[in-house]
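Topology and contacts: notes
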Amino acid sequence: MALYVQKFGGTSVGSVERIKAVAEKVKGFRDNGHQIVVVVSAMSGETNRLIGMANEINDEPTPREMDMLVSTGEQVTISLLAMALHKLGVPATSYTGSQVGIQTDSAHTKARIQRIETDELQADLDDGQVVVVAGFQGVDEEGNITTLGRGGSDTTGVALAAALKADECQIYTDVDGVYTTDPRVCSRAQRLDTITVEEMLELASLGSKVLQIRAVEFAGKYNVALRVLSSFEDGPGTLIVADSDQDEDSMEEPLISGIAFTANEAKLTLLNTPDVPGVASRILGPIADANIEVDMIVQNVAPAGDYTDFTFTVAKGDYKQTMKILQDQVLPDLGGGELRGDDNIAKVSLVGVGMRSHAGVASKFFRVLADENINIRMVSTSEIKISVVIDEKHMELAVKALHKAFGLDKRDIEQE
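As named in an unreviewed UniProt entry, the protein is Aspartokinase, taken from Halomonas aquatica. Per UniProt, the protein has the following entry under Sequence similarities (unreviewed entry): "Belongs to the aspartokinase family." Annotation of the protein in UniProt includes, under Catalytic activity (unreviewed entry), the sentence "L-aspartate + ATP = 4-phospho-L-aspartate + ADP".

Listed below in structure tokens is the structure:
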């Protein structure tokens, strides 16, 4: 007998029929003698509907009331799923995040889990119950309902698995695992049997939307076995493992595990800024004060040595605000300079632990792009990642060319 925490996303519970299908799947696991905790999201589109109504009433609603509102979406799902399980003869009890004892800080709309009280939950499991928990939410010390941010149900599932010391946390979604890249862009993308937490963290941070990055961080920190599965078809999915769970051979093969990409980037360059200590802080300080996250940064030294060009990227949604901050605050503070911006860029990244033990990955990466006549605007690297900024119009071409060149196409894998 094993203890599984199973999380089902909004698409998986998007209709009454799909909720019934989830109940059948859960019943199958329980009939095999396993203990089951189910974490569910709101039905597909429900959270957006609630946010839309809030904005019709008040275009600047308070974060506390937004949490009170959007948390109701999951409450609908848990009760319907519990009813569906009862109909199948399966004893089940539903709980909101606050009822199950998920304690968070008070950062409304982006709260972080601090602890989970598991006594009552464990008692229900020992009594043969299936426990159905609302994802995405908790409660702070003052009893206020909080939410964990978009995709927060993944984090709820992993956190419960860690607190209960579950054998596995299974994330059910509308894809059957983690792929070498997005199959919608590259039809030859291959599902991975396993991937390390470190690689999954990089892919999640670089644009892969299979899992919320905080959930992957949680899994790595508490050594939770995490598996991504399809709600709609059977299969082994993708197991996300700690690096220590990989043997030496699997650590070195494949060289590249995946290619991530995103067009949600914008590039800003300050030309002819003083090349003196503290200038980077003077540029980025006002950006940080506006709660805008900066991604890639490149600073060049001009031949004379007195001035430099400073380039960085932000999310495309923050582009206009960042331009205004640079024009109104930073340039006057620096005593002038020239500002340029470009929101028609994309970031493409190679990820793989095999990079640690293989030379020549970067040179091959750049050669593939050169062969396709794709110009590189910026480069960023880490031990297991290489990212480049290119023109957005070349993004799909770059992904397909790199996917083939690094042996990730289905045909290449099948021939190994």
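1. Thoughts on the packing of aromatic side chains
Applying the stated criterion across every chain yields a total of five aromatic pairs. Plain terms: the ring middles of Tyr 4 and Phe 29 are 5.7 Å apart, the flat faces sit at 80° to each other, and that makes the pair edge-to-face. Pair noted here: Tyr 4 is in strand 1 (residues 3-8) and Phe 29 is in helix 1 (residues 16-31), with a separation of 25 residues, a long-range link. With a relative accessible area of 16%, Tyr 4 lands in the buried category. With a relative accessible area of 21%, Phe 29 lands in the partly exposed category. Geometrically, the ring pair formed by Phe 8 and Tyr 172 is stacked, given 4.6 Å between the ring centres and 10° between the ring planes. Separated by 164 residues along the polypeptide, Phe 8 in strand 1 and Tyr 172 in strand 9 (residues 168-173) bring together distant segments of the chain. Classification of Phe 8 by relative accessible area gives buried; the value is 0%. Judged by relative accessible area, Tyr 172 falls into the buried class, the value being 4%.

2. Points about the environment of Val 22
The topology assignment puts Val 22 in helix 1. In the structure, Val 22 is positioned 59 residues away from Leu 81 in sequence and 7.8 Å away in space, judged by C-alpha atoms. If sequence neighbours within four positions are ignored, Val 22 has contacts with Phe 8, Ser 12, Val 13 and Leu 81.

3. Here we look at the pairing of strand 2 (residues 35-40)
Taken across its six residues, strand 2 has six buried, putting it largely inside the fold. Covered by surrounding structure in strand 2 are Gln 35, Val 37 and Val 39 together with Ile 36, Val 38 and Val 40, the residues of both alternating faces. Here strand 1 pairs with strand 2 via six bridges, running parallel. Pairing of Phe 8 across the sheet is with Val 40, part of strand 2. Since strand 1 and strand 2 lie parallel, the crossover through helix 1 that links them has a hand, and here it is right-handed.

Conventions we followed
- Within every chain, residues take consecutive numbers counted from 1 along the sequence as written.
- This being a predicted model, a pLDDT of at least 70 is required before a residue's local features are given, and a value of 80 or more before pairs of side-chain atoms are given or counted; all residues contribute to the totals for chains, interfaces and linings.
- Processing note: side-chain calculations cover all non-hydrogen atoms of the structure and skip hydrogens and water entirely.
- UniProt positions are given in the numbering used here, feature names are shortened, and annotations may be inferred rather than shown by experiment.
- Within 6.5 Å between ring centres, the rings of Phe, Tyr and Trp (the latter by its six-membered ring) count as paired, and their orientation is classed by plane angle as stacked under 30 degrees, edge-to-face over 60, tilted in between.
- Runs of H or I in DSSP of at least four residues are treated as helices and runs of E of at least two as strands, each being numbered from the N terminus.
- Burial classes: relative accessible area under 20% of the type maximum marks a residue as buried, over 50% as exposed, and values in between as partly exposed (1.4 Å probe, protein chains only).
- Note on contacts: a residue pair qualifies if any of its non-hydrogen atoms lie within 4.5 Å across the two residues.
- Paired strands, in this sense, are two strands between which DSSP finds at least two bridges.
- When the strands point away from the viewer and the path from the first strand over the helix to the second turns clockwise, the crossover is right-handed.

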